[in-house]
Amino acid sequence: KMFYKASMHAKVITRTRSILTSTRNRPHDSAIESKSIAYICHFVTAMMERMPKVIMESCDPISYHDVLCQMMRSHVIDPLILEAVTITLKTMLEDPVVYKKHGLKIVDDLRKVSPLLAFLGGAKYSDLYRLSLKHRPHYVQLPGAEQPEAPAFGDLDSLIVTNAMLGIVSL
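Residues numbered from 1 in each chain as written. Predicted model: local features only at pLDDT ≥ 70, side-chain atom pairs only at ≥ 80, totals over all residues. Heavy atoms only, no water.

Caption draft 1: Geometry of the overall build of the protein. Helices and strands together make up the secondary structure of the protein, namely nine helices and zero strands. Mapped from its N terminus to its C terminus, the protein presents α and β elements in the order α-α-α-α-α-α-α-α-α. Going through the 171 residues of the protein one by one, you find that 44% of them count as buried. Once local pairs closer than 6 in sequence are excluded, the contacts in the protein between residues at least 24 apart make up 72%. As displayed, the protein offers around 9400 Å² of accessible surface, 59% of which is attributable to carbon and sulfur atoms. (Helix = DSSP H or I, 4+ residues; strand = E, 2+ residues; numbered from the N terminus. Buried < 20%, exposed > 50% of the residue type's maximum accessible area, 1.4 Å probe, protein only. Contact = heavy atoms within 4.5 Å. Areas by Shrake-Rupley, 256 points an atom, 1.4 Å probe, with all protein chains shown as cover.)

Caption draft 2: Structural detail: the packing of helix α3 (residues 31–50) against helix α4 (residues 52–59). As a packed pair, α3 and α4 sit with axes 5 Å apart at the nearest point and diverge in direction by 125 degrees. One finds that α3 runs oblique with respect to α4. Between α3 and α4, the residues in contact are Val-44, Met-47, Met-48 and Arg-50 and Pro-52, Val-54, Ile-55 and Ser-58, respectively. (Axes fitted to C-alpha atoms, helices over the stretch in contact; angles between N-to-C directions. Parallel < 35°, antiparallel > 145°, perpendicular 65-115°, else oblique.)

Caption draft 3: Layout of the nonpolar core. Among the nonpolar cores identified, the biggest contains 44 residues, and Tyr-64, Leu-68, Met-71, Leu-82, Val-85, Leu-89 and Met-92 are the most heavily contacted of them. Those elements that provide at least two residues to this core are α2 (8–22), α3, α4, α5 (64–73), α6 (79–94), α7 (96–111), α8 (125–132) and α9 (159–170). Beyond its immediate chain neighbours, meaning those up to four positions away, Tyr-64 contacts Ile-13, Thr-16, Ile-40, Cys-41, Val-44, Met-48, Ser-58, Thr-88 and Met-92. (Core = buried A, V, L, I, M, F, W, Y, C linked by side-chain atoms within 4.5 Å.)

Caption draft 4: Expanded view of the packing of aromatic side chains. Under the criterion given, the structure shown has one aromatic pair. Taken together, a centroid distance of 5.6 Å and an interplanar angle of 75 degrees make the contact between Tyr-125 and Phe-153 edge-to-face. Note that Tyr-125 is positioned in helix α8 and Phe-153 in the loop between α8 and α9, a separation of 28 residues in sequence. (Phe/Tyr/Trp six-rings, centres within 6.5 Å; stacked < 30°, edge-to-face > 60°.)

Caption draft 5: Representation of α7 within the structure. Helix length check: α7, at 16 residues, gives a terminal C-alpha distance of 21 Å against a target of 22 Å (1.5 Å per residue), a fit within 8%. Burial in α7 covers these residues: Val-98, His-102, Gly-103, Ile-106, Asp-109 and Leu-110. In this fold, the buried residues of α7 make contact with α4, α5 and α6. (Expected span 1.5 Å × (residues − 1).)

Caption draft 6: Molecular detail of the side chain of His-102. Tracing the backbone shows His-102 in helix α7. Note on His-102: relative accessible area 9%, which makes it buried. Side-chain polar atoms of His-102 contact the side chain of Asp-60, separated by 3.2 Å. In contact with His-102, not counting residues within four places along its chain, are Cys-59, Asp-60 and His-65. (Polar contact = N/O pair within 3.5 Å; in protein donor to acceptor, adjacent residues only side chain to side chain.)

Caption draft 7: Quick peek at the environment of Val-76. For Val-76, the position within the fold is in the loop between α5 and α6. Sequence-wise, Val-76 and Leu-128 are 52 residues apart; in three dimensions their C-alpha atoms are separated by 7.7 Å.

Caption draft 8: Local environment of the environment of Ser-36. Relative to the helices and strands, Ser-36 is located in helix α3. For Ser-36, a relative accessible area of 25% corresponds to the partly exposed category. Placed 45 residues apart in sequence, Ser-36 and Ile-81 show a C-alpha to C-alpha distance of 9.0 Å.

By themselves these figures say nothing about function.
This is the structure in C-alpha cells:
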C-alpha cells in the first residue's frame, strides 16, 4: 500500500514513456532499456494484482494500455518486453470494468499489430530469437559477423523467447 500512496505506479509508467522517448521508440536496441521496460511492466502488473485501484488509475487518466499497445506495434520487439507487455495487458483486460470500458480499443489497437502468431514460428520468430541473444551472458556480437540462425521451432532452447510466446498465447 505504501507504493500506492506514493503513486509509484504513475511514476514508473512515466519512466516507461521517457525510455521510449529517449530511444525513439526503439528500446529493443539496448538490453538495459529492454530490461528496464520489462521490469516496470512486471512491477505495475504486481501492483495491479494487489490493488484493483491501480488498474483503473493506469487506464484513466494515465492510459498505460496505449503505451503498451504502442510498444506492441513496433516492427521489432524485444522478447523481454513482449512477454511483460502481454502479461500486463492480460491483467488489465481481466478486470471486468477495464474490459468493458477499454477492451474494444485495446483489441482494435492489437489488430493493427502484425499478427502476433507470426512470432510463433512464423516470419517474426527469427527476429525474436536474434533479439534474445543480447540477454545471454557472455554473448558478444562481433562487428560484421553473421547472426546465428534461429533453431527450428521444435528445438528452441531460449527461455526468454519461450516466455514471450507464452505471453502471446495467454493474451
